[in-house]
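# Structural features, examined
Here's the letter readout for the chains.
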Amino acid sequence: MIRNFFKVAYRSLLRNKGFSFINITGLAIGMAAAVLILLWIQHELSYDQFHTNKDRIYEVWNRVPLDGKVQCWGSTSTLLGPILEKDLPEVERVARASYNNDYLFTIGDRKMMKTGSAVDSGFLQIFSFPMLEGNAATALTDPHSVVLTATAAKSLFGNEPAMGKVVKIGNKDNFTVTGILKDLPSNSKFNFECLLPWEYLKANSDRQDFGWGDNSTPTYVLLKPHTNFTAVANKLKDLKQHYHDESKTLHWELFMYPLDRWRLYSSFTNGQEDGGGRSTFVKLFSIIAGFILLIACINFMNLSTARSEKRAREVGIRKVVGAQKMSLIGQFIGESIFLAFLAGIVALFIVQLSLPAYNQFTSKKLFIDISNAYTWIAFFGFILFTGLLAGSYPAFFLSSFQPVKVLKGTFKRTHALITPRKALVVLQFSFAIVLIICTIIVKQQIDYARERETGYNRDRLVYHALTGDLAKNYVSIREELLSTGIATSVTKTNSPLTERWSDGWGQQWEGKDPNDRTDFDRFMADEALGATAGLQFVQGRDFDLKKYPTDSTGLIINESSLKVMKFKDPIGKIVSDLGTDYHIVGVIRDFILTSPYEPTRPILICGAKSSFLTFNVMQIKLNGQHSVTANLEKAAGIFKKYNPDFVFEPKFVDAAYARKFESEQQQGTLAGLFAGLTVFISCLGLFGLTTYMAETRVKEIGVRKIMGASVANITALLSKDFVKLVIISFFIAAPLAWWGMHKWLESYAYRVSIAWWVFAAAGILSVFITLLTVSYQSIRAAIANPVKSLRTE
């Protein structure tokens, strides 16, 4: 019996090659798109889930009321780690970790930059990064030990064993390789090539330790097995207030944030998780994957039911000779599973061919592990699910025919106002139109933020980290860059112009409200920052240490800071910050230091005598009279002269600014890609329905032509029903898209308004695509010779 079912399915496949091709192609594209999205989702859900003790790993976060809101962030004081181990017996291990830095490795005459982090020795015991060589418990106990990833070790030592070898780091200290880690997987929040002991960071940091007031160090905790989380969380909550007097008045709390929420849920509003973050996009793309697969299945349903008259006689004969309804249902579902299997094979090839480009676009390393048995179980389960989903409705529909009516020839197609087939077409295009509208609005939002005035001039502006001897030779380098005409202006700052490396509150000034808890972004420059970056002064002047030596304690504020301080005449006013009294020398227009999607924050640009900030970056405005390439080639020689041990690696400010849009750009492009696939799959089904409709109405068309109907009349007759369905889809999709985009845009303070023309454009585009899809078959049917169709009448 089963063999007979497959034989019938195979013959039906060959007998209706065109419809079979459309069915298989639509299902294959839909399945391939769904698999690609599911691979992305699985990768997002798997972040850091490979750690053995993942259920006991936490990151310590701060929760503190500032600016009228409760703010949360995931870094703490460097003092906290040892306190946790001393005061909380429930804690098994604690590890602090610095943010990634670039370190110079020297082996003989070879020099390489490697990205790494300084960590406490317990880091490799908390996190289960597989060690190929070495002991995780002791690898970082020596202050001059270093742990490398396998790729880093190979690039440094080639095919020679790396364990026990000595390398020079930072052109002065020798370190012994005490461990080799397997290369880090892409689904981890950590991305380093080497690990150094925490003691190295302490010994080589130029910055003073501000104790509990400096909250810029990630701290990780491993709880002991079977620990009562609520009990230890309550102990931790008030721990900082026990050691830090200011935290008592601020109601400052510490809390532990579990590992399984780091990637997707670490978005907070007023002190609580807000359901945003990357989890929003995981949910969104899960829905998109489901709908794309559903739309592909709808094509199968529509084409199967549209061809019901051709299968009706077969059903009637089978029932007459004794076939039961369940037997027929099994047959038709079996046929759909057979088609789904063929489509699945095609989909697998599509996925494999698409993965390299898809990985490059998503910046991931997604792959299908064909050597894993679970992969094939999941794949065949996916095929079975698709086949059941696509074949369920046609199976029940076809098996419900009454044999008496069918064999008497009284079986007729229904022309009801609302039919399942029409409803399915409306569902298809509703989702496609929603995606079209959403794609347009996402692009608008990205363009709106990109075109926002930054407040400084990014053109020909580059920056370079103050590595090695650059800080010591800064004055000589600056003078040579200026005298040779390579640069028109040079300054040094604590961070790049596109990043905030420090912020804080508690500053004092004349007339300040005692309850004010404004959080200021901090920046630092020596002189000529305004000229280098093209900042716009509305009052006062730039730093000029030659003319005004006291500018080392000068302060430049932006307009947002002036609004907070409420000075009528700010020049000369004193602002105290972390023990230093600064005098205001200038006020600049607001510029974008952090997110272009958010309002500009109050910024303090401190002079060179800051007791808290250190110079880390050199900012260079290249001379526009020469090419950028020529300027950089000459600059490389100067940097090599004064800093021979380090590589010249300038970075462009405009490129760094463009990276602020990468996440939204990627999400928008993905949405656009899958919107296009959705439209294509829907149109493929529409093309099949139009083809079948033209076949079944060929005699009607012939009669109409003989009666004088024009090609345009007949084309309009065959197209209007589909256009009506698409228009209905638009009126369903428009409010849904508006609601979804309205909620999405609410997460951006600086956002575009939703314009009416977006919906009009989407509606017109969907109607145009529909007409384009159905017009070929409609016109072909309309120009056919009516004599051929009516010859047998």
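This text gives an overview of the structure that appears in the document.

So, how was this worked out
Starting afresh in each chain, residues are numbered from 1 along the sequence in its written order. Since the coordinates come from a predicted model, pLDDT governs what is reported: local features require at least 70, and pairs of side-chain atoms require 80 or more to be given and counted, while whole-chain, interface and lining totals use all residues. Side-chain metrics in this entry use all non-hydrogen atoms of the structure; hydrogen atoms and water are not considered. By the criteria applied, helices consist of DSSP H or I runs no shorter than four residues and strands consist of E runs no shorter than two, each listed in order from the N terminus. Buried means the residue's accessible area, taken with a 1.4 Å probe over protein chains only, is under 20% of the maximum for its type, while exposed means over 50%, and partly exposed covers the values in between. For this analysis, residues touch if any pair of their heavy atoms sits within 4.5 Å. In this description, accessible areas are obtained by the Shrake-Rupley approach with a 1.4 Å probe, and a residue is regarded as covered only by the protein chains that are shown. In this description, one arc is meant: the one made by directions from the helix axis to the C-beta atoms. Should DSSP find at least two bridges between two strands, the strands are regarded as paired. The axes used here are C-alpha line fits, helices contributing only the stretch in contact, and every angle between their N-to-C directions lies in the interval 0 to 180 degrees. Nonpolar cores are built from buried Ala, Val, Leu, Ile, Met, Phe, Trp, Tyr and Cys residues. Side-chain atoms within 4.5 Å join them into one set. Salt bridges are counted wherever a side-chain nitrogen of Lys or Arg sits within 4 Å of a carboxyl oxygen of Asp or Glu. Each Phe, Tyr or Trp ring, with Trp reduced to its six-membered ring, pairs with another whose centre is within 6.5 Å; inter-plane angles below 30 degrees give stacked pairs, above 60 give edge-to-face pairs, and intermediate values give tilted ones. Two limits define a charge over a ring: the Lys NZ or Arg CZ must be within 6 Å of the ring centre, and within 35 degrees of the ring normal. Like-charged residues are merged into a patch within 9 Å and nonpolar side chains (Val, Leu, Ile, Met, Phe, Trp, Tyr) within 5 Å, provided each residue has over 30% relative accessible area and no salt bridge.

## Some remarks on the overall build of the chain
Tallying secondary structure elements over the chain gives 26 helices and 26 strands in all. For the chain, the residues scored as buried account for 51% of the 793 residues in total. Long-range contacts, defined here as pairs at least 24 residues apart, represent 79% of the contacts in the chain between residues at least 6 apart. Within the structure as shown, the chain displays about 37000 Å² of accessible surface, and the carbon and sulfur contribution to it stands at 58%.

## Points about helix H5 (residues 150-157)
Burial in H5 covers these residues: Ala 152, Ala 153, Leu 156 and Phe 157. In an axial view of H5, the angular spread of the buried residues amounts to 105 degrees, which keeps them on one side of the axis. Residues of H5 that are buried sit in contact with strand E4 (101-107), strand E5 (110-119), strand E7 (145-149), strand E8 (166-169) and strand E9 (173-181).

## Side note on the sheet that holds strand E15 (residues 461-465)
In spatial order, the strands read E16-E25-E15-E26; together these four strands make up an open sheet with antiparallel pairing. Each edge of the open sheet carries a strand with a single partner, namely strand E16 (487-493) and strand E26 (651-652). The pairing of E15 with E26 spans two bridges and is classified as antiparallel. Pairing of Tyr 463 across the sheet is with Lys 651, part of E26. Strands E16 and strand E25 (617-622) of the sheet are contacted by helix H17 (residues 474-483), whose axis makes an angle of about 160 degrees with E16.

## Some thoughts on the nonpolar core
The tendency in soluble globular proteins is for nonpolar side chains to be buried as a group. Judged by nonpolar contacts, the single largest core of 111 residues is most densely connected at Phe 285, Phe 591, Ile 605 and Phe 674. When residues no more than four places from it in sequence are discounted, the contact partners of Ile 605 are Phe 523, Ala 525, Leu 529, Leu 535, Phe 543, Gly 554, Leu 555, Ile 556, Ile 588 and Phe 591. Core analysis: the second largest hydrophobic core is formed by 26 residues, Ala 95, Val 119, Phe 192 and Leu 222 among them.

## A word on the pattern of salt bridges
Two side chains of opposite charge can pair, provided their charged atoms sit close to one another. A complete count under the given rule lists 29 salt bridges for this structure. A salt bridge links Arg 601 to Asp 521; the nearest nitrogen and oxygen atoms lie 2.9 Å apart. Taken together, the positions of Arg 601 in the loop between strand E23 (580-588) and strand E24 (603-606) and Asp 521 in strand E19 (residues 520-524) put the pair 80 residues apart, joining distant regions of the chain. By relative accessible area, Asp 521 is classed as buried at 1%. Each of the salt bridges in this network shares a partner with another, and the network as a whole consists of Glu 44, Arg 263, Arg 278 and Lys 364.

## With respect to unusual backbone geometry
One non-glycine residue with positive phi stands out, namely Asp 48, at about 60 degrees. Its location among the elements puts Asp 48 in the loop between helix H2 (17-45) and strand E1 (57-66). Take Asp 48: its relative accessible area is 2%, and that puts it in the buried class. Residues other than glycine seldom take positive phi values, yet Arg 460 does so here, at roughly 60 degrees. The exposure class of Arg 460 is partly exposed, given its relative accessible area of 25%.

## Some thoughts on the packing of aromatic side chains
Applying the stated rule across the entire model yields 41 aromatic pairs. Summarising the aromatic geometry, the rings of Phe 129 and Phe 190 are spaced 5.8 Å apart at their centres and angled 85 degrees between planes, so their arrangement reads as edge-to-face. One end of the pair, Phe 129, is in the loop between helix H4 (123-126) and strand E6 (131-134); the other, Phe 190, is in the loop between E9 and strand E10 (194-197), with 61 residues separating them in the sequence. With relative accessibility at 5%, the residue Phe 129 sits in the buried group. By relative accessible area, which is 10% here, Phe 190 ends up buried. Three or more aromatic residues link up through ring pairs in this structure, and these residues are Phe 50, Phe 123, Phe 127, Phe 129, Phe 190, Phe 192, Tyr 220 and Trp 262. The ring of Tyr 47 carries Arg 263 above its face, with NZ or CZ at 3.9 Å from the centroid. The ring of Phe 661 is capped by Arg 450, whose NZ or CZ atom sits 5.2 Å from the centre of that ring.

## Quick notes on a nonpolar patch on the surface
Side chains of Phe 341, Ile 345, Phe 349, Ile 370, Trp 376 and Phe 380 sit close together on the surface and give an oily, nonpolar patch of about 580 Å² of accessible area. If you list the elements that add at least two residues to the nonpolar patch, you get helix H13 (325-362) and helix H14 (373-398). Sorting elements by how many residues they give to the nonpolar patch places H13 first, with three residues. Turning to its location among the elements, Trp 376 is positioned in helix H14.

## Describing the pairing of E9
In the case of a regular strand, side chains alternate between the two sheet surfaces. Where E6 lies against E9, three bridges are found, and the strand directions are antiparallel. Looking at the pairing, Met 131 lines up with Leu 181 of E9. Here five bridges tie E7 to E9, and the two strands are oriented parallel to one another. The partner of Val 146 across the bridge, within E9, is Val 177.

## Things to note about the side chain of Ser 495
Structurally, Ser 495 is set in the loop between E16 and strand E17 (503-504). Residue Ser 495 is classed as buried on the basis of its relative accessible area of 0%. Setting aside chain neighbours within four positions, we find Ser 495 in contact with Trp 501, Phe 523, Val 617 and Gln 619.

## Describing the environment of Pro 650
Relative to the helices and strands, Pro 650 is located in the loop between helix H20 (628-642) and E26. Given a relative accessible area of 24%, Pro 650 falls into the partly exposed group.

## With respect to the environment of Glu 253
Relative to the helices and strands, Glu 253 is located in strand E12 (residues 253-258). Taking the relative accessible area as the measure of exposure, Glu 253 reaches 21% and is therefore partly exposed. Separated by 19 residues in the primary sequence, Glu 253 and Asn 234 have C-alpha atoms spaced 9.9 Å apart. When sequence neighbours within four positions are dropped, the list of residues in contact with Glu 253 reads Trp 61, Asn 62, Arg 63 and Lys 237.

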